[in-house]
Amino acid sequence: MDNSLLKQSILRRTGRASALVLGALALTAGCATSQGPGAEAAPSGASPGAAPGASPEPAQTNLLKASDFDDNKSLPWTTSFTAPGAGSAEVKNGAYCVTVTNKGANNWDAQFRHREMVIQKGHSYTITYKAWASAPTKARPKVGMAGPPYEEYWSDTVVLGTEPKTYTGKFSMAKADDPTAELAFHVGGEMASAKEPFEVCIDDIRLDDPEFRASAPAAAAAAPKIAVNQVGYLPGAIKVATVSNAATAPLAWQLLDGSGKAVARGQTRVFGNDGASGDHVHLIDFTAINVPGQGYVLQVGDEKSFPFDIGAGIYQKLKYDALAYFYHNRSGIEIKMPYAGKPELGRPAGHLQDKSTPCLKGSGCDYTLDASRGWYDAGDHGKYVVNGGISVWTLLNWYERTKHLGTSSADFADGKLSIPENKNGVPDILDEARWELEFLMGMQVPEGKPLAGMVHHKMHDDAWTGLGLAPHEDKMSRSLHKPSTAATLNVAAVGAQCARIWKTVDAAFSARCLKSAERAWAAAKQHPALYAPPGGDKGGGPYDDTDVKDELYWAAAELFVTTGKPEYKQYLQSSPLNARFPAEIDGVPASMNWKVTDALGQISMAIVPGNVDAAWQQQLRGRIVKAADKYLAVAEKEGYRTLVQRSPEGKYDWGSNSGVLNNMLVVALAHDVTKQQKYLDGVVLGMDYLLGRNPLGQSYVTGYGDKPLENPHHRFWAHQANSKYPKAPPGAVSGGPNSSLQDPHAQSAGLKGCVAQRCFVDHIEAWSVNEITINWNAPFAWVTGFLDEKAKKK
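Counting starts from 1 at the beginning of each chain's written sequence and moves along it residue by residue. Selection of residues for local features in this predicted model requires a pLDDT of at least 70, selection of side-chain atom pairs for listing and counting requires 80 or more, and totals for whole chains, interfaces and linings are taken over all residues. To obtain the side-chain values, all non-hydrogen atoms of the structure were used and water was disregarded.

1. Comments concerning the sheet that holds strand β28 (residues 478–480)
Working step 1: Two strands are said to pair when DSSP picks up at least two bridges between them. Segments assigned H or I by DSSP are reported as helices when at least four residues long, segments assigned E as strands when at least two residues long, and all are numbered from the N terminus. Pairing is antiparallel in the open sheet, where 3 strands are placed in the order β25-β27-β28. Of all the strands in the sheet, the pair left with one neighbour each is β25 (383–384) and β28.
Working step 2: Alignment of strand β27 (residues 458–461) against β28, held across 3 bridges, turns out to be antiparallel. By the bridge assignment for β28, Met459 is matched with Leu480.

Printed below as a string of structure tokens:
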């Protein structure tokens, strides 16, 4: 979910343990001892590479990747707190210590755990650890499944004192191999006798298997000091690289072609200290080089960049991969070849029960709705109207923009996308958007029911599920949540947008969209203050919003563009929001997100001819250009030339890359209406940052660049968590750096106090920095399509 408030309150995901009978296990309960750390398990035969009869070194048989914490690091140990459980963890004096500020109701509401290990059938295991607490309390260590049904292979209950004591336990695995097992310590609920806040610490912990051989961890490759767009650069557009170097005088640089021959030389421009990255940087401008080629490399002294291309076609495939994200995340349909791209990305249809989704118990309604279709919102299987609204708007806006301001409509026509509908005579981008529109309108309260015409805010699982879960494998019950004014206005807006677009494509669907939109508008006017509650629900996030003036403006704008009715025009012209195009949200230069949407209405009015008179449309376009100028000014002050800046507190917020993308969209529109090169260059700068010209040398897109995104937080694309699931397909964009680090993995990754652009780790468990969502991939598809279109015109 694209919602930082949500994630702070829901740790989720896979931590609850079931009190299951440990059948078919040879189990020995743990006991306290006075011995030193680590009773060694007896070897059970030589392993490949071991001398006959030789015993392996103890460290080789330890499954745990962090045991003594002497390096001040704790990964992959992380905490998991289920509301109301709460707390934090840190390494203190070479021990891993968890502070519990609310122990919750259940043992597992406060826990810490180690994953990334395999428990194998027929193997014997020995557990040893030191543990203590700030006050006497109980702890329950266990080895078992990391997700439902949370079967356990070993567990113990120990009483911790205030002095370190060594504990041991043994078990044999009689079940099938578990490739995603965890060792967890439950320290919450009634079991915890200590009064909050209390602290539990562990040290010198081992989980030994005499048949296991630990491999040496691969050293992480350092990012090149010369950061470039790892995909490439467009002829006829700006070409800039950023060099991290402490030198205060310009440095000599050269550009090498694919054969290693120097084809250009120059001097860097000293930018100086860059606050967002913490680097002292120089800039290399090689805009003058337009010769197409592959394998170009920039060099400064002994430092070299990743290789990159110069060419007009560098975004041709990426624009389609970015759009393919939506097919892959469809609900209620089999994902299959050839559309999936690779067989392992296929899966059966998920959540077929959504065709008859009941209301959540206590939500005040007694009916079921057909909430099938739609796109899964993000890393989970929830579907949220307010995030779906801006996502579908962005795809439909791209369609309208190509029709009225662009030249690439044919690239998104029937037969262009890899989707099942690509031979139905309808532009494929409309087919994809319709899959979500059907869901959104299906969430509307039927006539004759209380709140008729309003729209249910969301639907999702009734409890959090674990990583490594295909949609068809999800057996959790799912429910409709209460209607909200914000959701209702989202449907009013995109329903109106749908009505005008499909009028010449499918008149019946167009009429249905308009009816839904006008019903929603009337219902929202009647119920202007039904807000989604803040805080997390079990199984989903709130997407709460208590200011819907912007949604009202957006809906009125779309309805006016479609119908020309005076009532909508009157509402727009009387709204204070009509006096400006937004260019700041929460103190940061930005125009829109799922929660702030009036810019969407102004963009539609600025693009679509007809009911908006020429003078008004020209005024709106001028405001968009003014906002774009603000974003270009931001880039001038950034060492890595991105289009977002830190908050007044010096931070990047959740999904910072989406801020880059939405600002790129505004700058692209400024180019459409002015044709000025500086705006095209501004879009290029934003894409450069996302594809590797950043202090981490990280391409934030799967499948693209020398250091691509590998492990986004996603239930099905969960190869890192469980090798039976696939890696993500190319074209998914990560939310990226987030100073608040709300998830336990990021908190344990040594990122505390990180400088804004360095608050990132590419790991599936790092959901606060590495989630993917429909409303981030939608503008990504928009801007990649824009850049590909402009490249073809050069």
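2. Remarks on the state of the cysteines
Working step 1: Any two cysteine sulfur atoms within 2.5 Å of one another count as a disulfide. In the structure shown here, the tally under the stated rule is 4 disulfides.
Working step 2: Residue pairing for Cys498: its cysteine sulfur links by disulfide to Cys513, the two sulfurs lying 2.0 Å apart. Across the S-S bond of Cys498 and Cys513 the torsion is about 60°, and the bridge reads as right-handed. Note that Cys498 is positioned in helix α5 (residues 485–501) and Cys513 in helix α6 (residues 507–526), a separation of 15 residues in sequence.
Working step 3: Cys498 gets classed as buried once you look at its relative accessible area, which sits at 0%.
Working step 4: Between the sulfur atoms of Cys754 and its disulfide partner Cys759 the distance amounts to 2.0 Å. In this structure, the disulfide formed by Cys754 and Cys759 twists by about 110° around the S-S bond and is classed as right-handed. The residues Cys754 and Cys759 share a single accessibility class, namely buried. Think of it in three bands: with a 1.4 Å probe and only protein chains considered, a residue is buried below 20% of the maximum accessible area for its type, exposed above 50%, and partly exposed in between.

3. Things to note about the packing of helix α4 (residues 428–442) against α5
Working step 1: An axis is simply a line fitted to the C-alpha atoms; with a helix, the fit covers only the stretch in contact. Between two such axes, the angle follows the N-to-C directions and lies from 0 to 180 degrees. Across the interface, α4 lies against α5 with an axial gap of 11 Å and an inter-helix angle of 140°. Accordingly, the angle class assigned to the pair α4 and α5 is oblique. Note on packing geometry: the crossing formed by α4 with α5 is left-handed. Listed contacts from α5 to Leu430, Leu437 and Leu440 of α4 are Val491, Val494, Cys498 and Ile501. Roughly parallel covers angles under 35 degrees, roughly antiparallel covers those over 145, roughly perpendicular covers 65 to 115, and oblique covers all other angles. Each crossing gets its hand from how the near helix is turned against the far one by less than a right angle, where anticlockwise is left-handed and clockwise is right-handed. Here, two residues are considered to be in contact whenever any of their heavy atoms come within 4.5 Å of each other.

4. Topic: the packing of helix α10 (residues 614–636) against helix α12 (residues 677–690)
Think of two packed helices as two axes; the pair is described by the angle between the axes and how far apart they sit.
Working step 1: Where α10 meets α12, the axes come as close as 10 Å, and the angle between the chain directions of the two elements is 55°. By the angle between their axes, α10 is oblique relative to α12. In the packing of α10 onto α12, the handedness of the crossing is left-handed. Here α10 contributes Val625, Ala628, Asp629, Leu632 and Ala635 to the contact with α12, which in turn contributes Lys678, Tyr679, Gly682 and Leu685.
Working step 2: Of the residues assigned to the contact of α10 with α12, the class counts are 6 nonpolar, 1 polar and 2 charged. All residues other than Ala, Val, Leu, Ile, Met, Phe, Trp, Tyr, Cys, Pro, Asp, Glu, Lys and Arg, Gly among them, are scored as polar; the first ten of these are nonpolar and the last four charged.

5. A short note on unusual backbone geometry
With the exception of glycine, the majority of residues adopt a negative phi angle, and the majority of peptide bonds are in the trans configuration.
Working step 1: For the bond running from Leu75 to Pro76, omega is 10°, close enough to zero to count as cis.
Working step 2: Looking at the element boundaries, Pro76 is found in the loop between β1 (26–33) and β2 (77–81).
Working step 3: For Tyr543, which is not glycine, the phi torsion reads 45° and is therefore positive.
Working step 4: Along the polypeptide, Tyr543 turns up in the loop between α6 and α7 (549–563).
Working step 5: Residue Tyr543 is classed as buried on the basis of its relative accessible area of 0%.

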